[in-house]
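Structure at a glance
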Amino acid sequence: ASRVCMLALSCLTPAFTPSRQPWALPPSTRACRIRAAADDGVGGSLAVLGGSLARVADNTDAVGWQRVGPGWLRLGPATPWATVHFVGGAALGIAPQLAYDTLLSRLASSADVAVIATPYELGLDHRKLARRVASDFDVALEESRAQGLAPPAGAPVFRVGHSLGAKLLALLACEAGAGEGGAPQADPLALLNFNNFRVADSVELASKLVGEMQGGGAAPYGGAVRDAFAFVQQLGVAQGVAVEVSPTPDELAAALAGYAPAATAVFTFDGDSLDCSAELLAALPPTAGVRRFERAGSHTAPVSLRLAVSDINPQLAALLGGGSRTVSIGDAEAAEQLAEALAEWLWPAGVARPAGATMLPPAVGAAEGSSEP
């Protein structure tokens, strides 16, 4: 048990090696180490997974994707009429061209849109992350237009975010606010499995991801991961160091008073225990104009990813049992169905879908006052 806890702690907080124990350092250095351990990984085990994905991405050809500036571009077979900006979830968002390939490729081809996904590394300052993905998208979009790959200026832009990515895009919508006469400034926004966790809750997310990679259910070592992080938090409190995301859930709820996208779609899933959409909807202003869609699936429904254990960080591979097997996250079928739902949502009203567009299977349900395609 102690070996498992030490392994979980090393996954959680890479800065805390036996030769660099924070209590043996000067106060200022201790504070930096504690903050770095949290900020570098926001739970560390998520950062380990993200680092593994980044290494796999560096050595994998993303078929059908083009690297354009700081973003990844995916086109369908037809000339795109609109652009979709996609931001993935914690850890998975570092390689969207791999983790969300099924979802985004299907969306690009089904809706005749250009998809630009902006990868990012984890951090505690979510406003900073939000501004970074927005800036990266602007650069990638401008470069795509210069190459004749994306629709010209003035064409519609939609934003789609999963989990933490949904929070980052919601933050951007809050900052955009309303223009003259109260007209929305922000682009239409789809929020998938919206997540607004504190740092401690993010460890639960890491545990569930590891559990899914182990074949489903809760991770056997999830308790050790949570205990290790609790230890880090106690060190932070003792040294007067905040180990928390910014904005906190309460701060985001207050900021949502300025939320003003042109349209909002909130997608929830019946098997998602990590979803925070209820709190989001309660905090949104009445003018938000939200459509809710409930579908079958879990928190990783938008994801479809397979990895060889040998490609994963050795610490995480040890938690997964090692060997030469492959591990998976997400559900390809659920991702394809979700792509069709998104295509229906963003398609202009009154305009017929292209010939051969896929018909959606019945959804689990839709919120009162909304319609599910």
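Coordinates for the structure precede this section.
What you see is a predicted model; the values in this text were computed from it and never measured. (Residues numbered from 1 in each chain as written. Predicted model: local features only at pLDDT ≥ 70, side-chain atom pairs only at ≥ 80, totals over all residues. Heavy atoms only, no water.)

**As for the pattern of salt bridges**
Keep this limit in mind: Only one rule defines a salt bridge in this text: a Lys or Arg side-chain nitrogen within 4 Å of an Asp or Glu carboxyl oxygen. Per the convention used, a helix needs a DSSP run of H or I reaching at least four residues, while a strand needs a run of E reaching at least two, with both numbered from the N terminus. When a residue's accessible area, from a 1.4 Å probe over protein chains only, is under 20% of the maximum for its type it is buried; when over 50% it is exposed; and in between it is partly exposed.
Summed over the entire model, instances satisfying the criterion amount to five salt bridges. Its salt-bridge partner being glutamate 336, residue arginine 106 comes within 3.3 Å of it at the nearest N-O pair. Separated by 230 residues along the polypeptide, arginine 106 in helix H5 (residues 101-111) and glutamate 336 in helix H13 (residues 332-346) bring together distant segments of the chain. Among the residues examined, glutamate 336 registers a relative accessible area of 33% and is labelled partly exposed. When the shortest N-O distance is used, the salt bridge between arginine 106 and glutamate 340 registers 2.9 Å. Of the two residues, arginine 106 is situated in helix H5 and glutamate 340 in helix H13; the sequence distance between them amounts to 234 residues.

**Considerations on the pairing of strand E8 (residues 290-295)**
Remark: a regular strand shows side chains that alternate across the two faces of the sheet. Rule in force here: Here, any two strands with at least 2 DSSP bridges between them count as paired.
Across six bridges, strand E7 (residues 264-269) lies against E8 in parallel orientation. Note that in E8 the partner of valine 266 across the bridge is arginine 292.

**What to know about the packing of helix H6 (residues 126-146) against helix H7 (residues 164-176)**
Helix packing for two helices is described by the angle between their axes and how far apart those axes are. The criterion, for reference: Helix axes are fitted to C-alpha atoms over the stretch in contact, other axes to C-alpha atoms as well, and angles between N-to-C directions run from 0 to 180 degrees. Any angle between 65 and 115 degrees counts as roughly perpendicular, while under 35 counts as roughly parallel, over 145 as roughly antiparallel, and the rest as oblique. In what follows, a contact means two residues having at least one pair of non-hydrogen atoms within 4.5 Å. Each residue receives one of three labels: charged for Asp, Glu, Lys and Arg, nonpolar for Ala, Val, Leu, Ile, Met, Phe, Trp, Tyr, Cys and Pro, and polar for the others, Gly being one of them.
Two numbers describe how H6 lies on H7: the axes approach to 9 Å, and their chain directions differ by 85°. Here H6 is positioned roughly perpendicular relative to H7, judged by the angle of their axes. For the pair H6 and H7, contact is made by His126, Arg127, Leu129, Ala130, Arg131 and Ala134 and by Leu164, Lys167, Leu168, Leu171, Leu172 and Glu175, respectively. A breakdown of the residues in the contact of H6 with H7 according to their chemical character gives seven nonpolar, one polar and four charged.

**Describing the nonpolar core**
The test is simple: The nonpolar core is taken to be a set of buried Ala, Val, Leu, Ile, Met, Phe, Trp, Tyr and Cys residues, with the residues joined through side-chain atoms within 4.5 Å.
Leu103, Leu107, Phe267 and Leu342 are the most contacted members of the largest nonpolar core, which totals 43 residues. For this core, the element with the most residues is H13, which contributes nine residues. Ala90, Ala130, Leu168 and Leu172 belong to the second-largest nonpolar core, a separate cluster that totals 31 residues.

**Quick word on the packing of aromatic side chains**
Just so we agree on the cut-off: A pair of Phe, Tyr and Trp rings is counted when the ring centres sit within 6.5 Å of each other, with Trp represented by its six-membered ring. The angle between the planes then sorts it: under 30 degrees is stacked, over 60 is edge-to-face, the rest tilted.
Within this structure, the stated rule accounts for five aromatic pairs. Judged by centre distance (6.1 Å) and plane angle (75°), the rings of tryptophan 81 and phenylalanine 158 are edge-to-face. Residue tryptophan 81 is located in the loop between strand E2 (71-74) and strand E3 (82-87), and its partner phenylalanine 158 is located in strand E5 (residues 157-162); the two are separated by 77 residues in the primary sequence. Ring geometry for tryptophan 81 and tryptophan 347: centres 5.5 Å apart, planes at 80°, overall edge-to-face. Of this pair, tryptophan 81 sits in the loop between E2 and E3 while tryptophan 347 sits in the loop between H13 and strand E11 (365-366), and the two are 266 residues apart along the sequence. Classification of tryptophan 81 by relative accessible area gives partly exposed; the value is 23%. A relative accessible area of 14% means that tryptophan 347 is categorised as buried.

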